[in-house]
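Residue-level structural notes
Take a look at the letters that make up each chain.
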Amino acid sequence: MVEAEYYYDVAIIGSGIVGLFISYMLGMMQSRRRLKIICIDKEHSVAQHASSRNSGVIHSGIHAKPGTLKARFCVKGNRMMYSILDALNIPYRRDGMLILCTDNNMNALEELQRRGYANGVDKIRFVYGDEVRRIERYARADTALLVESAGVTDPSRLAYALYEHARASGIEFTFNSTVVGADFTHDGYRIMVKNDEGSDSKSIIARLVVNSAGTHADDIASLVGLKRYRIYPCIGEYYLVRRKPYLVNSLIYPAPTFDYRGIGIHLTKRLDGTIAIGPNAIYVDEKDYDDNRFKDVLNKSIDEFYSRASEMIHGISKDDLEYGYYGIRARLAGYGSKEEPDFVIEEYPTNFIHLIGIESPGFTASPAIAEHVLCMIRDRL
Ligand SMILES: Cc1cc2nc3c(=O)[nH]c(=O)nc-3n(C[C@H](O)[C@H](O)[C@H](O)COP(=O)(O)OP(=O)(O)OC[C@H]3O[C@@H](n4cnc5c(N)ncnc54)[C@H](O)[C@@H]3O)c2cc1C
């Protein structure tokens, strides 16, 4: 039974990094315009899904196909990200990404270089022999592509900082609140929200709605009749190496295969010194994080992780690996697809803005996506 109605100018569905950046930027706009804004999330707190379960890599934009939203927002997001991290006093390292030529895959590296130039990524160059080893002493390659603008940060720390700033500027947040319906009304949209703690549902009426619901963005879109998108959830797991932080200085990537598996299992030196190996790619039917449901697929592939890592570096043994964590990608292409699906930013119907398929490099791109959505909101309200 619906108990109460609450009125807002803007409702944002999802408090992952994208919903949080939109909230944060709307919050900064609040000093000039007073809008009533709410961010709704089904979890108990912010960034419980992909936004805290990724590599934390600030991508350069070199992997994205030229002309796509992924390329545009990643390159812009990379630049914005470092200045926002500085402004919010959040630590990061910007010491570049080394993409290795290990197995006669020079063509793939040349394609990456072409993409990088076309996308406007600067400071890309090939490095050879001793220079490769000066950058990454344990790398198993004599040729690599170095991209200096890539870096790494702590995504959860950023998410909480954005949340605190957004709240301080008057944005409301409601947690344990699942959006289960959406209707058009004369005031805008009526968003039906079920409280997961068992109490009655409520209605949020908003003049404009942003759908940044991650793996569920296609479900939210179909509530208002936008049915042509389908997300294929795809798990990415990580193993961790805690005992040998010296094996990796920064980010070591394989040459990409440009297929449905993503950009390949890579090595990320996290800010705490741990080396993360991952992610792999396992297509599943569930979109929510439930270790029990995934017990038949999780933590089964240590051999694959060990073999990918030892193709890239010397000095690692299987005993160094311990299971880490997993995230679920919001992919717009299924298993075996040769497509490189792009981000979707679409308004349907008027004043309902959908952000669908925001998979990697969505963390990097998130400030640029938010800035774009903010312009759309400004034009409409
Ligand atoms: C394994 C992995 C590694 C990655 N590595 C990187 C990387 O190194 N660099 C990079 O740039 N990108 C990376 N990405 C991509 C990046 O993590 C995502 O693009 C980004 O986090 C997406 O943010 P989001 O806010 O769109 O979605 P999410 O973080 O998934 O947030 C969506 C939110 O919506 C909420 N929600 C869903 N349905 C409902 C509903 N019905 N009602 C209310 N709330 C709802 C959820 O609870 C969640 O909080 C990686 C992704 C994965 C999975």
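Residues numbered from 1 in each chain as written. Predicted model: local features only at pLDDT ≥ 70, side-chain atom pairs only at ≥ 80, totals over all residues.

This part is about the environment of Tyr-335. Mapped onto the elements, Tyr-335 comes out in the loop between β18 (321-331) and β19 (344-347). Looking at Tyr-335, the number of C-beta atoms within 10 Å reads 12, which means it is exposed. Spatially, the C-alpha atom of Tyr-335 lies 24 Å from that of Arg-115, the residues being 220 residues apart in sequence. (Helix = DSSP H or I, 4+ residues; strand = E, 2+ residues; numbered from the N terminus. Buried ≥ 20, exposed ≤ 12 C-beta atoms within 10 Å, placed from the backbone.)

Right, let's get into the sheet that holds strand β8 (residues 151-153). Taken in spatial order, the three strands make up an open sheet running β3-β8-β4, and their pairing is antiparallel. Taken across any chain shown, the strands that pair with only one partner, and hence form the sheet edges, are β3 (57-58) and β4 (92-93). Here two bridges tie β4 to β8, and the two strands are oriented antiparallel to one another. Across the sheet, Tyr-92 pairs through a bridge with Thr-153, a residue of β8. (Pairing = 2+ DSSP bridges.)

A few words now on the pairing of strand β14 (residues 251-254). Burial along β14 is two-sided: the residues Leu-251 and Tyr-253 and Ile-252 and Pro-254 are all buried. As paired elements, strand β5 (residues 97-101) and β14 share four bridges and run parallel to each other. Bridge pairing in β14 links Ile-99 to Tyr-253. Pairing of β14 with strand β15 (residues 266-269) involves two bridges; the strand directions are antiparallel.

Turning next to the site of the ligand. The local shell around the ligand holds 40 residues, among which Gly-14, Gly-16, Gly-214, Gly-236 and Gly-362 are the closest. Elements supplying a minimum of two residues to the shell around the ligand: α1 (17-29), β10 (177-185), β18 and α8 (362-380). Per-class residue counts for the shell around the ligand are 14 nonpolar, 21 polar and five charged. Two domains each provide a minimum of three residues to the shell around the ligand, namely domain 1 (2-51 + 157-229 + 341-380) and domain 2 (94-151 + 232-331). (Near = placed C-beta within 6 Å. Nonpolar A, V, L, I, M, F, W, Y, C, P; charged D, E, K, R; others polar. Domains from an automatic or database assignment.)

Many descriptions give the size of an interface as the accessible area lost when the pieces come together. Domain annotation of the chain identifies domain 1 (2-51 + 157-229 + 341-380) and domain 2 (94-151 + 232-331). Using only C-alpha atoms to locate each centre, domain 1 and domain 2 end up separated by 31 Å. Facing the eleven residues of domain 1 at the interface are nine residues of domain 2. When grouped by side-chain class, the residues that make up the side of domain 1 that touches domain 2 number four nonpolar, six polar and one charged. (Contact = placed C-beta atoms within 7 Å.)

Among the residues of helix α7 (residues 302-312), Phe-305, Ala-309 and Met-312 are the ones counted as buried. The buried residues of α7 occupy an angular sector of 60 degrees when projected down its axis, which confines them to one face. Residues of α7 that are exposed and point more than 90 degrees away from the buried face comprise Asp-303 and Ser-307. Against the buried residues of α7 lie β5, β13 (232-241), β14, β15, β16 (275-278) and β18. (Arc of directions from axis to C-beta.)

What follows deals with the packing of helix α2 (residues 69-87) against α8. The description of two helices packed together rests on the angle between their axes and the distance between the axes. Direction vectors running N to C along α2 and α8 enclose 90 degrees, while the axes themselves pass 6 Å from each other. Between α2 and α8, the crossing angle belongs to the class labelled roughly perpendicular. Counting all contacts with α2, which are made through Lys-70, Phe-73, Cys-74, Lys-76, Gly-77, Asn-78, Met-80, Met-81 and Ile-84, the residues of α8 involved are Thr-364, Ala-365, Ser-366, Pro-367, Ala-368 and Ile-369. Looking at the contact of α2 with α8, its residues break down into nine nonpolar, four polar and two charged. (Axes fitted to C-alpha atoms, helices over the stretch in contact; angles between N-to-C directions. Parallel < 35°, antiparallel > 145°, perpendicular 65-115°, else oblique.)

The next subject is the environment of Cys-234. Residue position: Cys-234 is located in strand β13. For Cys-234, the contacting residues outside a window of four places in its chain are Ala-281, Ile-282, Tyr-283, Ile-328, Arg-329 and Arg-331.

Here Lys-194 is to be found in strand β11 (residues 188-195). Between the alpha carbons of Lys-194 and Asn-280 there is a distance of 34 Å; along the sequence they are 86 residues apart.

Counting 109 residues, the largest nonpolar core has Val-10, Ala-11, Leu-20, Leu-100, Ile-252 and Ile-277 as the members making the most contacts within it. Ranked by residues supplied to this core, first place goes to α1 with eight residues. Taken domain by domain, this core gets at least three of its residues from each of domain 1 (2-51 + 157-229 + 341-380) and domain 2 (94-151 + 232-331). Contacts of Ala-11, omitting those with residues within four sequence positions, involve Ile-38, Ile-40, Ile-191, Ile-204, Ala-206 and Val-209. (Core = buried A, V, L, I, M, F, W, Y, C linked by C-beta atoms within 7 Å.)

The sheet contact formed by β19 and strand β20 (residues 352-356) spans four bridges and is antiparallel. Note that in β20 the partner of Glu-346 across the bridge is His-354. Counted between consecutive antiparallel strands, the loop separating β19 from β20 contains four residues, among which Asn-351 sits at a positive phi close to 70 degrees.

What follows is about the packing of α1 against α8. Relative orientation of the contacting elements α1 and α8 amounts to 40 degrees, with a least axis distance of 8 Å. Relative to α8, the element α1 is oriented oblique. Viewed along their axes, α1 and α8 form a crossing whose handedness is right-handed. Here α1 contributes Ile-17, Val-18, Phe-21, Ile-22, Met-25 and Leu-26 to the contact with α8, which in turn contributes Gly-362, Phe-363, Ser-366, Pro-367, Ile-369, Ala-370, Glu-371, Val-373 and Leu-374. The residue inventory of the contact of α1 with α8, partitioned by class, reads twelve nonpolar, two polar and one charged. (Left-handed = near helix turned anticlockwise from the far one by under 90°.)

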